[in-house]
Amino acid sequence: MNRIGLFAALALSLSAHAADKPADTVYRNGYIYTVDARDSVQQALAVRGGRIVYVGDNAGVKALTGKKTEVIDLQGRMLMPGLIDGHMHPQSGGSRLLNCSLNYESLTVAQFQSRIQACLDNDKKSGWLIVVNWFQQGMQPDGVETTAAMLDALKTERPIIVRSSFGHSALLNSKGIRLAKIERDTPNPPGGIITRDAQGNATGLLEDAAQDLAMNLLPPLTVAENLAASKAALAAMRQQGITTFLDAYTDPETMTAFTDLQKQGKLTARAHFAVLIDLDKGATPQSAVADLLKQQKQFDQGPTKVAPSMQVRHAKLFMDGVISAPAFTGAMIEPYLVNKGTPEKPDWQPGPHNGPASYFSAESLRATLKELARAHIDPHVHVDGDRAVRETLDAIEDVRATPEGKRMRPALAHDEIVAPEDYARFARLDVTPVLSFQWAKPAPDTVGALKDYMGPKRYALVEPQALLLDAGARIAYGSDWPVDPLDEWFALKVGVTRTAAPSAGKEYQGRLTDQPGLPRAAALRAITLNAAYTLRQETLTGSLEVGKLADLIVLDRNFFTIPAEDIANIKVLQTMVGGKIVYQSKGMR
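On a predicted model such as this, the values are computed, not experimentally measured, just so you know. (Residues numbered from 1 in each chain as written. Predicted model: local features only at pLDDT ≥ 70, side-chain atom pairs only at ≥ 80, totals over all residues. Heavy atoms only, no water.)

**Things to note about the packing of aromatic side chains**
Moving on, step 1. In the structure shown here, the tally under the stated rule is 11 aromatic pairs.
Moving on, step 2. Measuring from centroid to centroid gives 5.7 Å for F245 and F258, while their planes differ by 50 degrees, and the two rings are tilted. Of this pair, F245 sits in strand β15 (residues 242-250) while F258 sits in helix α9 (residues 252-263), and the two are 13 residues apart along the sequence. Here F245 matches F258 in class, with each residue buried.
Moving on, step 3. Between F437 and Y477, the aromatic rings sit 5.1 Å apart at their centres with planes inclined by 55 degrees, giving tilted as the arrangement. Pair noted here: F437 is in the loop between β22 (432-435) and α15 (451-454) and Y477 is in strand β23 (residues 476-477), with a separation of 40 residues, a long-range link. Each member of the pair, F437 together with Y477, is buried.
Moving on, step 4. Pairwise contacts between aromatic rings join F328, Y336, W348 and Y453 into one cluster.
Moving on, step 5. Taking NZ or CZ as reference, R409 lies 3.8 Å from the ring centre of Y533, over its face. (Phe/Tyr/Trp six-rings, centres within 6.5 Å; stacked < 30°, edge-to-face > 60°. Helix = DSSP H or I, 4+ residues; strand = E, 2+ residues; numbered from the N terminus. Buried < 20%, exposed > 50% of the residue type's maximum accessible area, 1.4 Å probe, protein only. Lys NZ or Arg CZ within 6 Å of the ring centre and 35° of its normal.)

Put into structure tokens, the structure is as follows:
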């Protein structure tokens, strides 16, 4: 019997015996949105032993209500499956709470310097100052050059590293450049760029893999700091309603911290981890996958249980960087445009490059995917530009021809621009695009840092969420936190409306391009059942059906009936994981 058959049999068995004994918890009088095959809405739901034993009307749940059953009157409020974040970086998000933060804000150079100087004044330690959540694309005015000189003007002898919120750039001061031993003849590392001035001197800005020249010098987090970061991440997730997540780029230290919390009974979300596959420094597909399997053996906790546990069954691969200025490290089919005119009379024409060579060659990508398929590890691939998307789909198409490749569940993260002729390939090859809905809004990174460099024809296609959906793709969601603040409901609002927050400023009002937003049901399915599919959890989580794990959330307002802009204001009143309430706000009482 296959997995679907087993699930159906379990559901029938549980349904047949549902009335044998009372439920632990019963929810009544609700708008229970199930995300089942019909997107049905019910009134009541019952939980016993961490699983759902009833979904239906109020009358039917009475048989499951005993003297010890906790009965929760929803008073018409919406109950739905817990959120499944299919691409985030929780340890990085948690650890950034420990550092000097620029809070993703658009800043002038003077404001940028003032904020960092305040951190220096409040932190008298020696060694590196680590500054995080720098919205590099939002620096004011548009196009301002960011160099070491901005940091050298500060009153300090310390080396400084400022990390872009996008995760693909870092800025050093001159002392940092010296400590990183970056000189005029230092070559660009594979998959990275050392930005230089006209004289060939490093400006302090490092792109993608070049960041490692400095990052490898930073002191690792202590065991206590790693544990604190994990706790902070889980607390943020509970409040957002996240019941399952994928850490899309992990390391042993992160998994050790989450293991410690799991052993203490403090893991409050189902944790999935993707180990980086990097073929630098002489690694081969075979040796890289062998290292991943060693980490899997150490940290994977086996089949999914009622209580949250850890699974290590994914690999992270990077094919490119980001398409927006000033990085231009996204791999594009056609060149980025450059202004061959003047600021007053611009003349945007094809420039000299279309981004870097993809970080995996066609041959190495195919070999790596085949090795992963043989090891039953699903690839999770970073693709931002349309060339990176196409080359990855080409490789997947080849691997699909092998017996192991037919079983693989590949996910392509971000997909900020996709050539229209590749839209239908996602469905045909059963490849899931994992999208960050919040990027589909007018903002510095999608307007000033992107529009002119793409040209009208390509710019009309950026953030193709509904376009991929209409082509039959299974859309899943991933926040990419801490690239952005962790705000799932704002992201869902943007997914539906393609508009920014009212506070974003006049220049960012209106919709991003003429593309439609996502239907509300499609947006919720992306962050529930479809994300569960990418983690091979769709028979256990992602919808509210008899036999599935009781991972669910209660909202303070109805996602479907409120104005679209109000979706951003939704608050989670209660989060349940495996039948256990892990978060509850005062509004639920």
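There is more to say after this.
**What about the packing of helix α11 (residues 362-374) against helix α12 (residues 386-399)?**
Moving on, step 1. Look at α11 against α12: their axes get within 9 Å of each other, and the N-to-C directions meet at 50 degrees. In terms of orientation, α11 and α12 fall into the oblique class. Regarding α11 and α12, the two cross each other, and that crossing is right-handed. Where α11 approaches α12, its residues L365, R366, L369, K370 and A373 are matched on the opposing element by E391, T392, D394, A395, I396, D398 and V399.
Moving on, step 2. Here the contact of α11 with α12 is composed, by residue class, of six nonpolar, one polar and five charged. (Axes fitted to C-alpha atoms, helices over the stretch in contact; angles between N-to-C directions. Parallel < 35°, antiparallel > 145°, perpendicular 65-115°, else oblique. Left-handed = near helix turned anticlockwise from the far one by under 90°. Contact = heavy atoms within 4.5 Å. Nonpolar A, V, L, I, M, F, W, Y, C, P; charged D, E, K, R; others polar.)

**Considering the side chain of E416**
Moving on, step 1. Along the chain, E416 falls in the loop between β21 (411-414) and α14 (423-428).
Moving on, step 2. No salt bridge forms around the buried E416; measuring N to O, its nearest opposite-charge neighbour K441 is 9.2 Å away.
Moving on, step 3. Ignoring any residue separated from it by four or fewer positions in sequence, one finds E416 in contact with I323, V383, D384, W439, L461, V462, E463 and P464. (Lys, Arg positive; Asp, Glu negative; His and termini not counted. Salt bridge = Lys/Arg side-chain N within 4 Å of Asp/Glu carboxyl O.)

**Quick notes on the pairing of strand β17 (residues 310-318)**
Working note: regular strand, side chains alternate between the two faces of the sheet.
Moving on, step 1. Most of β17 is tucked away, with seven of its nine residues classed as buried.
Moving on, step 2. As paired strands, strand β16 (residues 270-276) and β17 are joined by six bridges and run parallel to one another. From the neighbouring strand, H272 faces β17, where its bridge partner is Q311.
Moving on, step 3. In this view, the connection linking β16 to its parallel neighbour β17 by way of helix α10 (residues 285-299) has right-handed handedness.
Moving on, step 4. Of the pairings in the sheet, the one linking β17 to strand β20 (residues 378-383) comprises five bridges and is parallel in character. Looking across to β20, one finds that L317 is bridged to V381. (Pairing = 2+ DSSP bridges. Right-handed = clockwise from strand over helix to strand, strands pointing away.)

**Notes on helix α18 (residues 488-497)**
Moving on, step 1. With respect to burial, α18 is a largely interior element, 10 of its 10 residues being buried.
Moving on, step 2. Inspection of α18 places E488, W489, F490, A491, L492, K493, V494, G495, V496 and T497 among the buried residues, and these make up the whole buried set.
Moving on, step 3. Following α18 by one or two positions, R498 adopts a phi angle in the positive range, close to 60 degrees.

**Looking at the confidence of the model for the protein chain**
Moving on, step 1. Averaged over the protein chain, the pLDDT score is 93; the fraction of residues at 70 or greater is 97%.
Moving on, step 2. Scored below 50 in pLDDT, residues 11-18 shows eight contacts in the model against residues more than four places distant or in partner chains. (pLDDT = per-residue confidence, 0-100.)

**A short note on the sheet that holds β21**
Moving on, step 1. Taking strand neighbours across the sheet as the criterion, the eight strands line up as β8-β15-β16-β17-β20-β21-β22-β23 in an open arrangement whose pairing is parallel. Either end of the sheet is taken by a strand with one partner, and the two such strands are β8 (83-88) and β23.
Moving on, step 2. As judged from the four bridges shared by β8 and β15, these two strands associate in the parallel manner. Paired with D85 across the strands is F245, a residue of β15.
Moving on, step 3. Set on the sheet, helix α8 (residues 223-240) makes contact with β8 and β15; between it and β15 the angle comes to about 140 degrees.

**Side note on the nonpolar core**
Generally speaking, nonpolar side chains in soluble globular proteins are found buried as a group.
Moving on, step 1. Core analysis: the biggest nonpolar cluster contains 82 residues, and F437 and W489 have the highest contact counts within it.
Moving on, step 2. It is α12 that provides the largest number of residues to this core, a total of six residues.
Moving on, step 3. Beyond its immediate stretch of four places on either side in the chain, F437 contacts Q465, I475, A476, Y477, A491, L492, V494, G495, L518, A523 and A526.
Moving on, step 4. In this structure, L102, F112, M139 and M150 belong to the second largest nonpolar core, which totals 18 residues. (Core = buried A, V, L, I, M, F, W, Y, C linked by side-chain atoms within 4.5 Å.)

**What to know about the sheet that holds strand β1 (residues 25-28)**
Strand pairing within a sheet occurs via backbone hydrogen bonds; the two strands may be parallel or antiparallel.
Moving on, step 1. Strand order in the open sheet made by the four strands is β5-β4-β1-β6, with mixed pairing throughout. Both edges of this open sheet fall to β5 (51-56) and β6 (70-73), since each of them pairs with a single strand only. Recorded for the sheet is a direction-independent mean angle of 15 degrees between the axes of neighbouring strands.
Moving on, step 2. Pairing analysis gives three bridges linking β1 to strand β4 (residues 44-48), with the strands arranged antiparallel.

**What about the environment of K548?**
Moving on, step 1. Turning to its location among the elements, K548 is positioned in the loop between α20 (529-534) and β24 (552-555).
Moving on, step 2. In this structure the C-alpha to C-alpha distance between K548 and G50, which are 498 residues apart in sequence, comes to 8.8 Å.

**Some points on the pairing of β5**
Moving on, step 1. As judged from the five bridges shared by β4 and β5, these two strands associate in the antiparallel manner. Within the sheet, the bridge partner assigned to A44 lies in β5 and is G56.
Moving on, step 2. Hairpin connection from β4 to β5: two residues lie between these consecutive antiparallel strands, with G49 at a positive phi of about 60 degrees.

**Looking at the environment of D422**
Moving on, step 1. Looking at where D422 falls in the secondary structure, it is placed in the loop between β21 and α14.
Moving on, step 2. Here the alpha-carbon distance between D422 and L393, two residues 29 residues apart in the chain, equals 8.3 Å.
Moving on, step 3. A polar side-chain atom of D422 sits 2.9 Å from a polar atom in the side chain of R390. (Polar contact = N/O pair within 3.5 Å; in protein donor to acceptor, adjacent residues only side chain to side chain.)

**Description of the state of the cysteines**
Moving on, step 1. Counted under the stated rule, the structure contains one disulfide.
Moving on, step 2. In this model C100 forms its disulfide with C119; the gap between the sulfur atoms is 2.1 Å. Taking the sign of the torsion about the S-S bond as the criterion, the disulfide between C100 and C119, at about 80 degrees, is right-handed. Placement of C100 in strand β9 (residues 100-101) and of C119 in helix α4 (residues 109-122) is noted, with a sequence separation of 19 residues between them. You'll find C100 and C119 in the same group, each marked buried. (Disulfide = S-S within 2.5 Å.)

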